[in-house]
Amino acid sequence: MISTASQAATHFSVHTHLPFLDNQPVTTMLDSCKSMDQLRQIHAQTIKTGNISVPVVQNKIMAFCCLREGGDIVYARQVFDKISQPNLYIWNTIIKGYSLINCPEDGFLMYLEMLRRNVKPDQYTFPFLFKGFTRDIALACGKELHCQVLKYGFDSNVFVQNALVNMYSMSGLIDMARGVFDMNCEKDVITWNVMISAYNRIKRFEESRKLFKEMVEKGVLPTSVTIVLVLSACSKLKDFETGKQVHRHLKECKIESNLVVENALIDMYAACGEMDISLEIFENMKARDVISWTAIVTGFANSGQVDLARKYFDRMPERDYVSWTAIIDGYLRVNRFKEALELFRQMQNSKIKPDEFTVVSILTACAHLGALELGEWIKTYIDKNKIKKDTFVGNALIDMFFKCGNVEKALIVFKEMPQKDKYTWTAVITGLAINGHGEEALDMFSQMLKASIRPDEITCIGVLSACTHTGMVEKGRRFFANMIREHRIEPNVTHYGCMVDLLGRAGHLQEAYEIIQNMPMKPNTIVWGALLGACRVHKDADLAEMAARRMLELEPENSAVYVLLCNIYATCKKWENLRQLRQMMLERGIKKNPGCSLIEMNGIVHEFVAGDQSHPQSKEIYSKLDKITRDLKLVGYSPDTSEVFLDMGEEDKESAVYRHSEKLAIAFGLISSKPGVTIRVVKNLRMCVDCHQMTKLVSKVYDREVIVRDRTRFHHFKLGLCSCKDYW
């Protein structure tokens, strides 16, 4: 192989005369060198003249290759290998060079070779070496190198101490980092900054705050880096008071403000809900970047002022994936899911690539809307574009598939996940429960315990829901009774609500009422609502009146209570009670929330309300609905008007149930999809008896699987049967 030196010499000799080399000392030429091409030519000249053996020349060539932008570490290593006895500066330079290009293993190997050649490190060697360490390298050899620091007597050197603190914090050994920090008697502001940064990195923001206060008490003047770090901690803690103190320090210590500091201030005040102050800083900025704008958008979005957030988002001169995710999250926060999906489409058109946080947000929107097609597209996009598939993304995919009624794909994602946390298990247990797979949900809970994953309150809700949706009363009773003893979880009001729902649906109304009376906390509307729903199923008007009265004491404007009680009166044929309640609703201005159903076709979510005629295909939809009704009547369908509480004739009542939103959505699904394609509908209210009966027949007559997600559960209709076994 031709040596580097001879290659360089040959390269130089074939070139024409180079004026910049004339009559200049080689050190001057190296100082004015602009590129690797020029360096190679100078290197060749030094070989020709014999200057390559001069230490200062070697130092400058190595420094250019290792430390300058546009340098070449491979060339540096070739030069290094030709130096018979590299001095300590050269060893340090190549170690630092490897750190700068994120090759810590090579840097570490150079350090070992340096020791093998009996060259002792100095105060610069360890900071250069530690700087490039990854977590794995730090864990593998950090403590051993710490011993070397002690051996060579650099344990009191502030630069080495700072590097050790940073190295230990990078490896997750925060207590070791703090131990080094506390033993350091010569702390400078950089030492404090490194430790505060370490706590921020592992989200121990309270420690960051405490450390800053201690720093101020010891009279150490903060820098702009300190200010940004502590403001970031205050932002996460939503600590307005400390944030104000930090802002005051900024002014009192006359620290020069810059764009990064101003952005941190905007973010802190916005996170604390102080949008007026945040906006004032923003408006007075001399220069803004995408981070400044995103902080304002995020602040308004998080405070629920999504329209104001959108106003600033639309004004942004440039947007990145963070700003797009912030505005999408804003719409999710206020349950405007369709607009969130529309924004995602705009993001795609803008050629901005989403990250794992964006896809989690979009999967959340898909889950709420039942938009399975788009959700599946997102999964394909994640796989194709190698977006980080962490537990958050995996959990979001599981949640989306379950909430779209696709149990099989949710379980596939679960099985393929390399790491599962308690949220993963809880999502699967809850998803199986609401889709009517109660036994499987309980089996999954047993597997969770075998995997040594400790359940939390939400997991317990999932288990109780599984028992509720499949009528497993004894198993539910047993689990509830053992929550404290076996899982050390004190039942909260939601768990009591689940028990009332479980017992009430199974017809144990008196036992359900006794649980409410003996609860250790005051029952809320969820608990009373569970009892009221059970009274509807079992036609107990007297207990229903009492439950409704208690609910209205807590939420006088809750229209759902009035509607449910009206349904109960209508079912029990208590027409006078119904008339009086209807009159009360009119006097109080209480209006029934309209039924609304969503269906996704070809990636677009269509929305229907009861009696809706606004859809572009409305004429075809109603024509199809007429045909469906005729076809179903041939196999015995008769409209069930028992839950229509309006004072009208039977024919008008039939007309009222005929126009329910899920019927319109199903008719649209039948005319918009090929035979055999599953129809998926999401409804905002509980499915009525008539729609439930009709959908069972649709699944049989048209040989279609129909999946309806109503307010409380999933109904999987297939071959004339429903997964809920008419228990909902």
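The residue numbering used here restarts from 1 in each chain and proceeds along that chain's sequence as written. Given that this is a predicted model, residues contribute local features only at a pLDDT of at least 70 and side-chain atom pairs are listed and counted only at 80 or more, while totals for whole chains, interfaces and linings are drawn from all residues. For side-chain calculations, the full set of non-hydrogen atoms in the structure is used, while hydrogens and water are omitted.

1. Let's talk about the pairing of strand β2 (residues 604–609)
Along any regular strand, the residues point their side chains to alternate faces of the sheet. Alignment of strand β1 (residues 596–601) against β2, held across 6 bridges, turns out to be antiparallel. Across the sheet, Ile-599 pairs through a bridge with His-606, a residue of β2. We call two strands paired when DSSP finds no fewer than two bridges between them. A run of DSSP states H or I qualifies as a helix once it reaches four residues; a run of E qualifies as a strand once it reaches two. Both are numbered from the N-terminal end. Here β1 folds back onto β2 in antiparallel fashion, the turn holding 2 residues, of which Asn-602 has a positive phi close to 55°.

2. Thoughts on the sheet that holds strand β5 (residues 714–718)
The sheet built from 6 strands is open, its strands ordered β2-β1-β3-β4-β5-β6 with mixed pairing. Only two strands of the sheet have a single partner each, and these edge strands are β2 and β6 (721–722). The sheet contact formed by strand β3 (residues 679–683) and strand β4 (residues 706–709) spans 4 bridges and is parallel. Looking at β4, one finds that Ile-679 is bridged to Val-706. Residue contacts are defined here by distance: any two heavy atoms, one from each residue, within 4.5 Å place the two residues in contact. Working convention: axes come from line fits to C-alpha atoms, limited for helices to the stretch in contact. Angles between N-to-C directions cover 0 to 180 degrees. Lying over the sheet, helix α40 (residues 689–701) contacts β4, β5 and β6, oriented at roughly 40° with respect to β5.

3. Looking at helix α10 (residues 158–170)
Expected span of a helix: the number of residues minus one, times 1.5 Å. Between the first and last C-alpha of α10 there are 18 Å, a value that for 13 residues agrees with the 18 Å anticipated at 1.5 Å per step. With respect to burial, α10 is a largely interior element, 10 of its 13 residues being buried. Only protein chains enter the accessibility calculation, which uses a 1.4 Å probe. A residue is then buried if its area is under 20% of the maximum for its type, exposed if over 50%, and partly exposed in between. Along α10, the residues classified as buried are Val-158, Val-160, Gln-161, Asn-162, Ala-163, Leu-164, Val-165, Met-167, Tyr-168 and Ser-169. Where α10 is buried, its residues meet α8 (125–131), α9 (135–151), α11 (174–183) and α12 (189–201). The positive-phi residue at the C-terminal boundary of α10 is Gly-172, with phi of around 85°.

4. As for the pairing of β4
Burial of β4 is two-sided: the residues Val-706 and Val-708 facing one way and the residues Ile-707 and Arg-709 facing the other way are all buried. Once the chain exits β3 it traverses α40 before rejoining the sheet at β4, and the crossover so formed is right-handed. Sheet analysis places β4 next to β5, joined by 4 bridges and oriented antiparallel. Of the residues in β5, the one forming a bridge with Val-708 is His-715. Connecting β4 to the antiparallel partner β5 that follows it, the hairpin turn spans 4 residues. Orient the strands so they point away from the viewer; a crossover is then right-handed if the path from the first strand over the helix to the second runs clockwise.

5. With respect to helix α4 (residues 55–67)
Here α4 is 13 residues long and its end C-alpha atoms lie 17 Å apart, about the 18 Å a rise of 1.5 Å per residue gives. Every buried residue belonging to α4 is among Val-57, Gln-58, Asn-59, Ile-61, Met-62, Ala-63, Phe-64, Cys-65 and Cys-66, and all of these are buried. The inward-facing, buried residues of α4 abut α2 (26–31), α3 (36–49), α5 (73–81) and α6 (88–100).

6. Thoughts on the confidence of the model for the protein chain
For the protein chain, the average pLDDT comes to 89, and 95% of its residues sit at 70 or higher. Per-residue confidence from the prediction method is given by pLDDT, with values spanning 0 to 100. With pLDDT under 50 throughout, residues 1–23 is counted as low confidence; its partners more than four residues away or in other chains account for 27 contacts. Scored below 50 in pLDDT, residues 647–652 makes 2 contacts in the model with residues more than four places away or belonging to other chains.

7. Examining the packing of helix α20 (residues 321–333) against helix α22 (residues 356–369)
Running from N to C, α20 and α22 point in directions that differ by 25°, and their axes come no closer than 9 Å. Between α20 and α22, the crossing angle belongs to the class labelled roughly parallel. As for the relative orientation of α20 and α22, their crossing is left-handed in sense. Residues Tyr-321, Thr-325, Ile-328, Asp-329 and Leu-332 of α20 pack against Phe-357, Thr-358, Ser-361, Ile-362, Thr-364 and Ala-365 of α22. Ten residue types, Ala, Val, Leu, Ile, Met, Phe, Trp, Tyr, Cys and Pro, are classed as nonpolar, four, Asp, Glu, Lys and Arg, as charged, and the remainder, Gly among them, as polar. Considering only residue class, the contact of α20 with α22 consists of 6 nonpolar, 4 polar and 1 charged. Reported orientations rely on four angle classes, namely roughly parallel under 35 degrees, roughly antiparallel over 145, roughly perpendicular from 65 to 115, and oblique for the rest. When the near helix sits turned anticlockwise from the far one by under a right angle, the crossing is termed left-handed; a clockwise turn instead gives a right-handed crossing.

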